[in-house]
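Below, each chain spelled out in residue letters.
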Amino acid sequence: MEETWAKGLVGGVDLHLDLSGTRVRAGLEGALRDAIRAGRLRPGTRLPSSRALAADLGIARNTVAEVYSQLVAEGWLTAQTGSGTAVAPHRTPAPGAAVTARAEQAVPRYDLRAGAPDLSAFPRRAWLATARKVLASAPDHLLGYPDPRGVPQLRAALADYLARARGVTADPAHIVICAGFAHGLAGISRALRAAGAATLAVEAYGHQTHRDIAAGQGLRLRPLPVDGMGAVIGQAAGADAVLLTPAHQFPLGVTLHPRRRREVADWGGVVIEDDYDGEFRYDRQPVGALQTLAPDHVIYAGTASKSLAPSLRLGWLVVPPRLLDAVTAELAAGPSVIGQLTLAEFITSGGYDRQIRRARLAYRRRRDRLAAALRRRGLRVTGIAAGMHAVLELPRTSLEDAALSEASEHGLAIDGLGPYRAGGTGPDEVRAGLVIGYGRPPEHAYTTALARLCAILPEFR
């Protein structure tokens with residue numbers, strides 16, 4: 001008998017069954033056992049009624065009923081009056097069956113790692129209402145294959161928003177939508193490598209993931225020292241491109257000095273500006289985007305990962321015209337059209353600005369509580385004028401390691417500076433400290449997380 005798709009009319013499930021051989025009943029029994037054993041039919045899955053399955057397979061109903069009864073007796077299926085027939089729970093895997101599923105990483109109870117916002121503050125109702133509005137009014141053609149640069153509505157909304165809020169010089173035609181910064185950086189790196197670029201200068205402290213992405217596309221990395229004025233751009237001579245976080249260096253927190261900003265603007269290579277948290281400035285006016293000083297060779301990158309949520313996978317690049325086609329060609333499989341349209345409407349309706357204002361106020365309060373708590377213990381954090389993290393510098397890397405070990409024993413997840421340090425950083429540039437992210441915990445957990453942090457720190461002054 002040939003392979004057969006069996007669609008259950010009751011329960012609405014499809015079954016793909018390989019009914020081989022001439023013995024119908026034995027073939028059906030074997031096919032169902034194999035599907036359950038392999039995990040294609042999971043515990044609790046409702047099967048079609050015997051009538052519906054018999055009709056789909058073109059066999060007698062009594063045959064299906066007998067097969068169901070046999071598998072119930074063997075423990076493969078369960079049957080209850082009024083509930084139909086379903087796959088039995090908790091069957092033991094067959095001996096020697098390979099476990100292919102990757103275990104999910106446990107979420108720490110008290111989490112002060114940097115790099116993520118408070119996900120419990122995501123504006124679910126407002127986002128849902130916006131998505132419903134978009135779905136109700138979107139023309140059919142927008143549900144087809146989109147423009148590789150992204151939907152025009154979002155590019156237009158972002159051009160207005162970025163010019164107003166970040167000072168970016170942006171034509172909608174030069175904006176490319178990507179699925180977050182990592183996706184955008186990979187595309188930029190491939191485009192640069194294809195154009196003959198060989199070396200990317202990176203800040204000596206930054207995301208290891210970003211360095212891995214660029215190196216994975218064939219670019220050699222050159223670490224740039226970071227001092228009190230930001231990245232030392234003068235040491236990028238000979239590099240083809242540079243990756244910077246000028247508004248709020250990650251993770252050290254310094255803002256690129258105006259003199260260094262002018263040096264970057266005058267530099268001849270391609271500049272990738274990661275404006276990862278530019279909206280969150282507290283003690284003074286936000287520092288505008290570097291891109292506006294040299295829009296002909298700065299690629300501006302931003303995302304909704306900090307302002308909304310990383311899982312939305314919504315990011316954007318403002319690309320100089322001479323690089324636009326090359327970068328666009330490397331950015332396949334961007335975010336969904338529905339997500340793009342929803343963000344476009346969220347921006348134009350004012351919802352995005354309202355969300356940022358709420359988040360900015362909440363994170364400023366958390367930052368103030370962190371700074372005050374550490375100040376009472378004679379400790380001072382730096383890099384707190386913006387963003388969602390601060391740095392507590394320590395005199396030795398051995399103290400950093402000890403603090404991380406102590407935090408782990410107290411159930412507290414936190415990062416040290418070590419993992420952010422680029423390979424090849426000179427010994428005189430090695431720093432020690434803790435990177436304290438105050439944005440990630442839900443509000444109800446922040447007080448306890450802060451208390452646990454303070455409990456471990458007096459030993460490490």
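All figures in this text were calculated on a predicted structure; none of them were measured in a lab.

(A) Quick look at the nonpolar core. Membership of the largest hydrophobic core comes to 32 residues, with the highest contact counts inside it found for L112, L370, L374, I436, L453 and L457. Sorting the residues of this core by element identifies α11 (351–375), β15 (389–394), α12 (397–409), β18 (432–437) and α13 (443–456) as the ones contributing at least two each. Excluding residues within four positions of it along the chain, L457 makes contact with L374, L379, L392 and L434. If you look at the next biggest cluster of nonpolar residues, it comprises 31 residues, including L154, I175, W316 and A344.

(B) Highlighting the pattern of salt bridges. Taken as a whole and assessed by the stated rule, the structure comprises 21 salt bridges. Across the pair E66 and R25 runs a salt bridge whose closest N-O atoms are separated by 3.2 Å. Taken as a pair, E66 in helix α3 (residues 61–74) and R25 in helix α1 (residues 24–37) lie far apart in primary sequence, 41 residues in all. Since its relative accessible area comes to 39%, E66 is described here as partly exposed. Its salt-bridge partner being R431, residue E393 comes within 4.0 Å of it at the nearest N-O pair. On the criterion of sequence distance, the pair formed by E393 in strand β15 and R431 in the loop between β17 (415–416) and β18 is long-range, its members being 38 residues apart. For E393, a relative accessible area of 44% puts it in the partly exposed group.

(C) Quick peek at the packing of α1 against α3. In the contact formed by α1 and α3, the axes pass within 10 Å of each other and the chain directions differ by 45 degrees. In this view, α1 runs oblique relative to α3, as classed from their interaxial angle. Both α1 and α3 take part in a crossing whose hand is right-handed. Here V24, R25, L28, E29, L32 and R33 of α1 lie close against α3, whose contacting residues are T63, V64, E66, V67, Y68, Q70, L71 and E74.

(D) The arrangement of the packing of aromatic side chains in detail. Applying the stated criterion across every chain yields a total of six aromatic pairs. Pairing W127 with F346 gives two aromatic rings, centres 5.5 Å apart and planes at 75 degrees, and the pair type is edge-to-face. Of this pair, W127 sits in helix α4 (residues 124–137) while F346 sits in helix α10 (residues 337–348), and the two are 219 residues apart along the sequence. Both residues of the pair, W127 and F346, count as buried. The interplanar angle of 80 degrees and the centroid separation of 5.2 Å between the aromatic rings of Y161 and Y352 together place this pair among those described as edge-to-face. Highlighted residues: Y161 in helix α5 (residues 152–166) and Y352 in helix α11, separated in sequence by 191 residues. A network of ring pairs unites the aromatic residues F122, W127 and F346 as a single cluster. We note R366 situated over the ring of Y446; from NZ or CZ to the ring centre the distance is 5.2 Å.

(E) Seen up close, the sheet that holds β17. Strand order in the open sheet formed by three strands is β15-β18-β17, and the pairing between neighbours is antiparallel. Edge positions in the open sheet fall to β15 and β17, since each of these has one partner strand only. Relative to β18, β17 runs antiparallel, the two being bridged by two bridges. When the sheet's bridge partners are listed, G416 is paired in β18 with L434.

(F) Representation of the sheet that holds strand β12 (residues 270–274) in the model. Pairing is mixed across the open sheet formed by seven strands, whose spatial order is β6-β14-β13-β12-β11-β7-β8. Edge strands, defined here as strands with exactly one partner in the open sheet, are β6 (175–178) and β8 (220–224). With strand direction ignored, the average angle separating the axes of adjacent strands in the sheet is 20 degrees. Two strands pair when backbone bridges link them, and strand β11 (residues 241–244) and β12 are joined in this way by four bridges, in the parallel orientation. Note that in β12 the partner of L244 across the bridge is E273.

What counts, and at which threshold
- Residues numbered from 1 in each chain as written.
- Predicted model: local features only at pLDDT ≥ 70, side-chain atom pairs only at ≥ 80, totals over all residues.
- Heavy atoms only, no water.
- Core = buried A, V, L, I, M, F, W, Y, C linked by side-chain atoms within 4.5 Å.
- Buried < 20%, exposed > 50% of the residue type's maximum accessible area, 1.4 Å probe, protein only.
- Helix = DSSP H or I, 4+ residues; strand = E, 2+ residues; numbered from the N terminus.
- Contact = heavy atoms within 4.5 Å.
- Salt bridge = Lys/Arg side-chain N within 4 Å of Asp/Glu carboxyl O.
- Axes fitted to C-alpha atoms, helices over the stretch in contact; angles between N-to-C directions.
- Parallel < 35°, antiparallel > 145°, perpendicular 65-115°, else oblique.
- Left-handed = near helix turned anticlockwise from the far one by under 90°.
- Phe/Tyr/Trp six-rings, centres within 6.5 Å; stacked < 30°, edge-to-face > 60°.
- Lys NZ or Arg CZ within 6 Å of the ring centre and 35° of its normal.
- Pairing = 2+ DSSP bridges.

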